[in-house]
Amino acid sequence: MSRRGVIVQSGRLLVLVALLSAWEILPRIPALRDHTFLDPNFVSLPSLVAMRLWETTFGAKAGYLWVHAGASLGAALLGFVCGALAGFSMGLALSQSALARGLLKPFIDAFSAVPPVLLVPLITLVFGLGTASKIATSIYIVFFVVFYNSYKGGSALPESLTASCRLLGGSRWAIMRTVIVPSSSAWAFAAFPTAIGYALIGVVVAEFFGSPVGLGSIIITSMNTGSATDLMVSIFALAVMGSGLVALMRLAEARTLHWRPENRAA
Amino acid sequence: MGRRAALIAARLALIAAVLLIWEYVPRIPGITGWAPIFDPFFISSPGKIAAKFWELATTSGDQGVVLKSGNLFVQLWATLWATLLGFVVGVSTGFVAGLVLSQTRILADIVHPYLVAVNALPRIALVPLIIMIFGTGLGAKVMLAWLIVFFIVFFNTYAGGRAIEPAVLDACRILGATRRQLLRTVVIPQVAGWTFAILPLAMSASIIGVVVGEFVGGAQGLGYIITVALGQLEATDLFVALLTLCLVAVALIGLAARLERRLLHWRPEHMSHEGQA
C-alpha cells in the first residue's frame with residue numbers, strides 16, 4: 001500500500017473510532033449531560049443501541065424488529081409494483097398518443113410539482129390508518145418517478161429508427177413490441193432504484209400518522225415515549241433496509257439490461 | 001389553432017368533470033354504502049372548500065373548529081419563515097463544505113465512505129430524532145430543513161468541484177495564476193454553477209423538512225394545522241390548509257427555479273432561453 005493509501009485508511013479508521021467514542025463517552029460527562037443535548041436520554045449510546053439491536057433481532061425480544069420492518073417493506077414493495085406498472089403504462093401511452101399527452105400531461109405536471117410527502121395527511125384521511133394508506137402513498141410516489149422516465153424513453157427514440165422499422169415492413173404493433181416498449185422499459189428500469197428508495201420513505205412518513213405497525217410507527221412511538229435507543233435502532237434498521245433495496249434494484253437493472261452499452265462494458 | 005382550442009376545451013371539461021363528480025356523486029343516496037371513498041365526511045366537497053376559503057378571506061370571527069381567519073396567515077408565516085431560513089442556511093453551509101472538501105483531496109478521501117453512508121440514510125426519518133432532542137420551536141424546524149438541504153447542496157457542490165477539467169487548471173497555472181486567483185476566477189464560478197443548479201431541489205427539500213417536522217411534532221405551522229384537522233376529521237379544513245400549503249410550495253420551488261436561471265444566465269443551456277424571451 002502506498003504512503004497515501006496508509007494515511008487515508010488510518011484516517012478513516014480514526015474518524016470512525018473518534019465518532020463512536022465521542023458518542024459513547026461525552027454523554028457520560030455530568031457537565032455535558034446536564035447542560036447540552038449530549039444526554040443519553042436524547043442521543044442514547046452506541047453500546048446501548050448495539051445491545052438493543054441484537055435484542056430485537058435475535059436476542060430476548062427476537063422478532064420485534066422483523067415484524068415492523070416487514071410491514072414497512074411489504075407496503076413499500078406492493079406500492080412499488082403497482083406504481084411502477086401504472087407509471088410505465090401511462091408514460092408509454094402519453095409518449096405515443098399526442099391526444100392523451102395534450103389532455104393529461106399538464107395535470108400530471110401540476111401534481112408532480114407538489115412534493116408528494118405533503119399529501120400524506122390527505123391520503124391518510126381518505127384511506128385510513130392501516131396498510132391501505134401506506135400502499136397508496138408508495139404508489140403515488142413511485143408513479144411519478146417511473147412515469148417521467150418511461151415517458152422520456154418512449155419519446156426519446158430517434159425518428160430514423162422507427163422509420164427504418166416501418167420501411168422494413170414492421171407493423172405498428174410489431175414496432176411497439178420490439179422497439180418502443182424495450183426502449184421505454186430500459187428508461188423505466190433506470191428509475192427503479194430511486195423509486196424504491198422514495199417509496200420506503202413515503203411508507204415511513206405515512207406510518208408517522210398513527211399506523212399501528214411498521215418502522216415509522218415505532219419511530220413515532222419512541223419519540224413520544226422519549227426512548228432514544230429504540231429510535232436509533234429503528235432509524236438504523238430503516239437505513240440498512242433502504243440501502244439494501246436500492247442496491248438490489250441496481251443489481252436487477254444491470255442484470256435485465258445487460259445489453260445496454262453502459263452495462264456491457266462492466 | 002382550432003386543434004389547440006379543442007385541446008384546451010377538453011382539459012377544462014376534464015377539470016369540470018372531476019369537480020362535478022366530487023361535488024355531486026357523494027349526494028347520490030346510498031352511494032357511501034358501497035363506495036365509502038365518496039363519503040363527504042372524508043373528501044369534503046369543492047363547494048364547501050371554496051366557501052371556507054371565502055369565509056377566511058372575508059370575515060374575522062372564529063367560525064371554524066380548526067381554521068380561523070387570520071390564523072391561517074399566522075400558520076402560513078411560521079412555515080414560510082422556517083423554510084426560507086433553512087434554505088439559506090442549508091445552501092450556504094452546503095456550498096462552503098462542498099467547496100472546501102472538493103479542494104482538499106486527502107480529507108475528501110478520508111471522509112468519503114462516511115459521506116456515502118450519510119447519503120444513504122433516509123433523512124426524513126431523522127425528523128423525530130431532532131424533534132426529541134431540540135423540541136419544536138423555530139430553531140428545531142430550521143435545523144430539520146438544514147439537515148435535508150445541506151446534504152443535497154453539499155453533494156452537488158462537491159461533485160462540481162471534482163468535475164473541473166484539470167487541463168483548464170493547468171493552463172491557468174502555466175499562465176501564472178496564483179492559487180488564490182485560480183480559486184476566485186475558475187473554481188468558485190464553476191462550483192457555484194453546480195450549486196445554483198440544485199436550488200429548486202434544495203427549496204423542495206427545505207419545505208419537506210419543515211412540514212414533516214410540523215406533522216410529527218408541530219406546535220405551529222401549516223403542517224400542524226393539517227394534522228389537527230386530520231385528528232378531528234375536519235376534511236374541509238384539511239383541504240383548505242393543504243391547498244394553501246401546496247400553492248406556497250409550488251410558488252417557492254418556482255421562485256428557486258427562476259433564481260437558478262437568473263444566476264446561470266451565462267450558461268449555454270440558459271442562454272437560448274434568454275434569446276427566445
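Residues numbered from 1 in each chain as written. Chains lettered and ligands numbered in written order. Predicted model: local features only at pLDDT ≥ 70, side-chain atom pairs only at ≥ 80, totals over all residues. Heavy atoms only, no water.

A. Summary view of the overall build of chain B. Looking only at helices and strands, chain B has 14 helices and 0 strands in total. Relative to the compact-globule value of 19 Å for 277 residues, chain B shows a C-alpha radius of gyration of 24 Å, a clear excess of over 25%. (Helix = DSSP H or I, 4+ residues; strand = E, 2+ residues; numbered from the N terminus. Rg over C-alpha atoms; globule rule 2.2 N^0.38 Å.)

B. Region of interest: the overall build of chain A. Across its full length, chain A holds 13 helices and 0 strands. Seen through its principal axes, chain A has C-alpha atoms that stretch 80 × 60 × 35 Å. The contacts in chain A between residues at least 6 apart in sequence include a share of 70% that link residues at least 24 apart. For chain A, the exposed area adds up to about 13,200 Å²; of that, 71% sits on carbon and sulfur atoms. In chain A, the 18 positive side-chain charges and the 10 negative ones have mean positions that sit 13 Å from each other. (Contact = heavy atoms within 4.5 Å. Areas by Shrake-Rupley, 256 points an atom, 1.4 Å probe, with all protein chains shown as cover. Lys, Arg positive; Asp, Glu negative; His and termini not counted. Charge placed at Lys NZ, Arg CZ, Asp CG, Glu CD.)

C. Expanded view of the pattern of salt bridges. This model, assessed by the stated rule, comprises 9 salt bridges over all chains. A salt bridge links Arg28(A) to Glu24(A); the shortest N-O distance between them is 2.5 Å. For Arg28(A), a relative accessible area of 47% gives the class partly exposed. The exposure class assigned to Glu24(A) is buried, which follows from its relative accessible area of 17%. Residues Lys141(B) and Glu214(B) are paired through a salt bridge, measuring 3.0 Å at the closest nitrogen-oxygen approach. One end of the pair, Lys141(B), is in helix α8 (residues 138–162); the other, Glu214(B), is in helix α11 (residues 199–217), with 73 residues separating them in the sequence. Here Lys141(B) matches Glu214(B) in class, with each residue buried. (Salt bridge = Lys/Arg side-chain N within 4 Å of Asp/Glu carboxyl O. Buried < 20%, exposed > 50% of the residue type's maximum accessible area, 1.4 Å probe, protein only.)

D. Molecular detail of the interface of chain B and chain A. Listed by partner, the interface residues are 48 residues for chain B and 48 residues for chain A. The junction of chain B with chain A conceals about 4,000 Å² of combined surface from both sides, 85% of it contributed by carbon and sulfur atoms. At the junction of chain B and chain A, the tally comes to 1 salt bridge. Across the pair Asp109(B) and Arg4(A) runs a salt bridge, and its minimum N-O distance is 2.2 Å. In this assembly, chain B and chain A are joined by 5 residue pairs in polar contact (both at pLDDT 80 or more). Elements with a contribution of two residues or more to the side of chain B that touches chain A: α1 (2–24), α3 (40–43), α6 (105–120), α7 (127–134), α11, α12 (222–231) and α13 (235–263) of chain B. When residues of the side of chain B that touches chain A are assigned to their parent elements, the largest contribution, 9 residues, is made by α13(B). Classifying every residue of the side of chain B that touches chain A by side-chain character gives 41 nonpolar, 3 polar and 4 charged. (Buried area = accessible area lost by both parts, 1.4 Å probe. Polar contact = N/O pair within 3.5 Å; in protein donor to acceptor, adjacent residues only side chain to side chain. Nonpolar A, V, L, I, M, F, W, Y, C, P; charged D, E, K, R; others polar.)

E. View of the packing of aromatic side chains. Applying the stated criterion across every chain, the model contains 19 aromatic pairs over all chains. Seen from their ring centres, Phe150(B) and Phe154(B) are 5.8 Å apart, and the 10° between their planes marks the pair as stacked. Placement of both Phe150(B) and Phe154(B) in helix α8 is noted, with a separation of 4 residues, approximately one turn of the helix. For Phe150(B), a relative accessible area of 13% gives the class buried. Among the aromatic residues, those joined into a ring-pair cluster are Tyr140(A), Phe143(A), Phe144(A), Phe147(A), Tyr148(A) and Tyr151(A). (Phe/Tyr/Trp six-rings, centres within 6.5 Å; stacked < 30°, edge-to-face > 60°.)

F. Quick look at α11(B). Across its 19 residues, α11(B) extends 27 Å between first and last C-alpha, which sits within 8% of the 27 Å expected from 1.5 Å per residue. A large share of α11(B) lies buried, amounting to 18 of its 19 residues. (Expected span 1.5 Å × (residues − 1).)

G. Representation of the environment of Leu252(B) within the structure. All names here are of chain B. Of note, leucine 252 is situated in helix α13. For the pair leucine 252 and methionine 203, spaced 49 residues apart in the sequence, the C-alpha separation amounts to 7.0 Å. Setting aside chain neighbours within four positions, we find leucine 252 in contact with Leu80, Thr83, Leu84, Met203 and Ile207.

H. Representation of unusual backbone geometry in the model. Phi at Ser44(A) takes a positive value of approximately 55°, unusual for a residue other than glycine. Mapped onto the elements, Ser44(A) comes out in the loop between α3 (40–43) and α4 (46–57). In this model, Leu233(B) sits at a positive phi of 55°, which is unusual for a non-glycine residue. With respect to the helices and strands, Leu233(B) occurs in the loop between α12 and α13. Among the residues examined, Leu233(B) registers a relative accessible area of 34% and is labelled partly exposed.

I. Seen up close, the nonpolar core. Grouped together as the largest cluster of nonpolar side chains are 108 residues, with contacts concentrated most on Val146(A), Phe208(A), Leu215(A), Ile207(B), Val212(B), Val216(B) and Leu238(B). A total of 14 residues in this core trace back to one element, the largest contributor, which is helix α10 (residues 172–208) of chain A. Discounting residues that sit within four places of it in the chain, Val212(B) has contacts with Val117(A), Phe208(A), Ile124(B) and Val127(B). By size, the runner-up hydrophobic cluster in this structure holds 8 residues, among which are Ile164(B), Leu169(B), Val186(B) and Val191(B). (Core = buried A, V, L, I, M, F, W, Y, C linked by side-chain atoms within 4.5 Å.)

J. How the structure looks around a nonpolar patch on the surface. On the surface, Ile8(B), Leu12(B), Ile15(B) and Leu19(B) cluster together into a nonpolar patch covering about 330 Å² of accessible area. With respect to the element layout, Ile15(B) can be found in helix α1. (Patch = residues over 30% accessible without salt bridge, like charges linked within 9 Å, V, L, I, M, F, W, Y side chains within 5 Å.)

K. Here's a closer look at the confidence of the model for chain B. Residues and elements named next belong to chain B. Across chain B, the average pLDDT comes to 84, with 91% of residues at 70 or higher. When mean pLDDT is compared element by element in chain B, α11 scores highest at 92, while helix α14 (residues 268–276) scores lowest at 49. Here residues 272–277 is a poorly scored stretch, pLDDT under 50, and it has 1 contact once near neighbours within four places are set aside; other chains count. (pLDDT = per-residue confidence, 0-100.)

L. Representation of the environment of Leu85(B) within the structure. With respect to the element layout, Leu85(B) can be found in helix α5 (residues 71–103). Beyond its immediate sequence surroundings of up to four residues, Leu85(B) is in contact with Leu138(B) and Val142(B).

M. Quick look at the side chain of Thr137(A). Structurally, Thr137(A) can be placed in helix α8 (residues 131–155). Setting aside its immediate chain neighbours within four residues, Thr137(A) contacts Val120(A), Ile123(A), Gly202(A) and Ala206(A).

N. The arrangement of the packing of helix α6 (residues 98–112) of chain A against α8(A) in detail. Residue and element names in this part refer to chain A. Running from N to C, α6 and α8 cross one another at 130°; their axes reach a closest spacing of 11 Å. In terms of orientation, α6 lies oblique with respect to α8. Crossing geometry of α6 relative to α8 is assigned as left-handed. Two secondary-structure elements touch here, α6 through Arg101, Lys105, Ile108, Asp109, Phe111 and Ser112 and α8 through Tyr140, Phe144, Phe147, Tyr148 and Tyr151. (Axes fitted to C-alpha atoms, helices over the stretch in contact; angles between N-to-C directions. Parallel < 35°, antiparallel > 145°, perpendicular 65-115°, else oblique. Left-handed = near helix turned anticlockwise from the far one by under 90°.)

O. Summary view of the environment of Thr36(A). Residues and elements named next belong to chain A. Within the fold, threonine 36 resides in the loop between α2 (30–35) and α3. Assessed through its relative accessible area of 34%, threonine 36 is described here as partly exposed. With 30 residues separating them in the primary sequence, threonine 36 and valine 6 have C-alpha atoms 36 Å apart.

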